[in-house]
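What follows is each chain in one-letter form.
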Amino acid sequence: MAQLEGKSAVVLGAASEGNIGQEIARLFAAQGAKVMVAGRNEEPLAKIAEEIGGSHALCDITDHGAVHALADRAVDEYGRVDAAINCTGWGLLANLLEVTPEQLNAITDLQFKGVHHFLQAFVKVMGEQKPSGGSIISLSSATTKALIANHAAYIATKRAGEAMIECIANDFGHLGIRANSVSPAFTESPMTKEAFATPGLVDAFLPRYPLGRLNTGEDVAQACAWLCSDNAFVTGQNIQPNGGVTLRGNPQASDIEAAVGAAMAEKQ
């Protein structure tokens, strides 16, 4: 039997073609789950919902009422929520001295307040399902353990999300709720398409991965599927399906500049 057979799941942040949220939704559906995909853009949501035989909902994680409405809608549609996965994020790459108040507000709304909205909404509905509870996952980033330059606001808000997950695990485990964060590293996706096209950039990262390759969206989805299965007696943890980059650390700005410079020189 598929490991998620009979379960229902909500994947928030699945509104971009081919992103990690969509990878998770596809795998969960293939593993037998009923899946509601959510995000801010209806066309890609409707498309993937049709593809996987699921449903879709518009939801902006920065809107407290919208996130709670999403959780309630999932319960109305499926009867319960067994898994809730937050895949939203914004990879703000900016020097600390250059970050504007507007950028700081935006990333805080998305990666701190938004994560709080998400956890609050789904802890509420899962708590009413006691003792069976459910599994909550919020995607974090390998950069919280393997620092990279010019990412202070991004890393800080992602770390805050990890801390909230730990608190949820501690405070609500008695209701059968498991909460974990999952940390991808440099993953090819629509968000990183331009970066992957930069000559030499991937070469700067590859030596930092003991398993010899960058993680894929599928790697992340598989970790999430296991955490949401009945086989995972795990809560309050930060899972790293990224090939071991935290052991060696990400390349720094000088490493990246050298690799890109060498690749550009070869092309000339």
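Residues numbered from 1 in each chain as written. Predicted model: local features only at pLDDT ≥ 70, side-chain atom pairs only at ≥ 80, totals over all residues. Heavy atoms only, no water.

Let us now look at the pairing of strand β1 (residues 8–12). When you tally the buried positions in β1, you get five out of five residues, the bulk of the element. Residues Ser-8, Val-10 and Leu-12 line one face of β1 and the alternating positions Ala-9 and Val-11 line the opposite face, and both faces are buried. In the sheet, β1 pairs with strand β2 (residues 34–39) via five bridges, with the strands oriented parallel. For Ala-9, the partnering residue across the bridge sits in β2 and is Val-35. For the crossover from β1 across helix α1 (residues 20–30) to β2, the handedness is right-handed. In this structure, β1 lies alongside strand β4 (residues 83–86), joined through four bridges in parallel fashion. Across the sheet, Leu-12 pairs through a bridge with Asn-86, a residue of β4. (Buried < 20%, exposed > 50% of the residue type's maximum accessible area, 1.4 Å probe, protein only. Helix = DSSP H or I, 4+ residues; strand = E, 2+ residues; numbered from the N terminus. Pairing = 2+ DSSP bridges. Right-handed = clockwise from strand over helix to strand, strands pointing away.)

Strand order in the open sheet made by the seven strands is β3-β2-β1-β4-β5-β6-β7, with parallel pairing throughout. The open sheet has two free edges, formed respectively by β3 (55–58) and β7 (238–239), since each of these has just one partner strand. Bridge count between strand β6 (residues 177–182) and β7: two bridges; the pairing is parallel. Bridged to Ser-181 within β7 is Asn-238. Running at roughly 160° to β6, helix α5 (residues 152–172) makes contact with β5 (134–139), β6 and β7 of the sheet. (Contact = heavy atoms within 4.5 Å. Axes fitted to C-alpha atoms, helices over the stretch in contact; angles between N-to-C directions.)

It is worth spelling out the pairing of β5 at this point. Along β5, six of the six residues are buried, which leaves the element largely enclosed by surrounding structure. Alternating residues of β5 divide into Gly-134, Ile-136 and Ser-138 and Ser-135, Ile-137 and Leu-139, and every residue in both groups is buried. In this view, the connection linking β4 to its parallel neighbour β5 by way of helix α4 (residues 101–127) has right-handed handedness.

So, about the environment of Ala-163. Structurally, Ala-163 can be placed in helix α5. Looking at Ala-163, the relative accessible area reads 35%, which means it is partly exposed. Measuring from C-alpha to C-alpha, the distance between Ala-163 and Gly-236 comes to 8.9 Å, with 73 residues separating the pair along the chain.

This part covers the packing of α4 against α5. Packed helices, taken two at a time, are described by the angle between their axes plus the distance between the axes. Where α4 meets α5, the axes come as close as 9 Å, and the angle between the chain directions of the two elements is 15°. One finds that α4 runs roughly parallel with respect to α5. Crossing of α4 over α5 shows right-handed handedness. Residue-level contacts link Leu-104, Ile-107, Thr-108, Gln-111, Phe-112, Val-115, His-116, Leu-119 and Val-123 of α4 to Ala-153, Tyr-154, Thr-157, Lys-158, Ala-160, Gly-161, Met-164, Ile-165, Ile-168 and Phe-172 of α5. The residue inventory of the contact of α4 with α5, partitioned by class, reads 13 nonpolar, five polar and one charged. (Parallel < 35°, antiparallel > 145°, perpendicular 65-115°, else oblique. Left-handed = near helix turned anticlockwise from the far one by under 90°. Nonpolar A, V, L, I, M, F, W, Y, C, P; charged D, E, K, R; others polar.)

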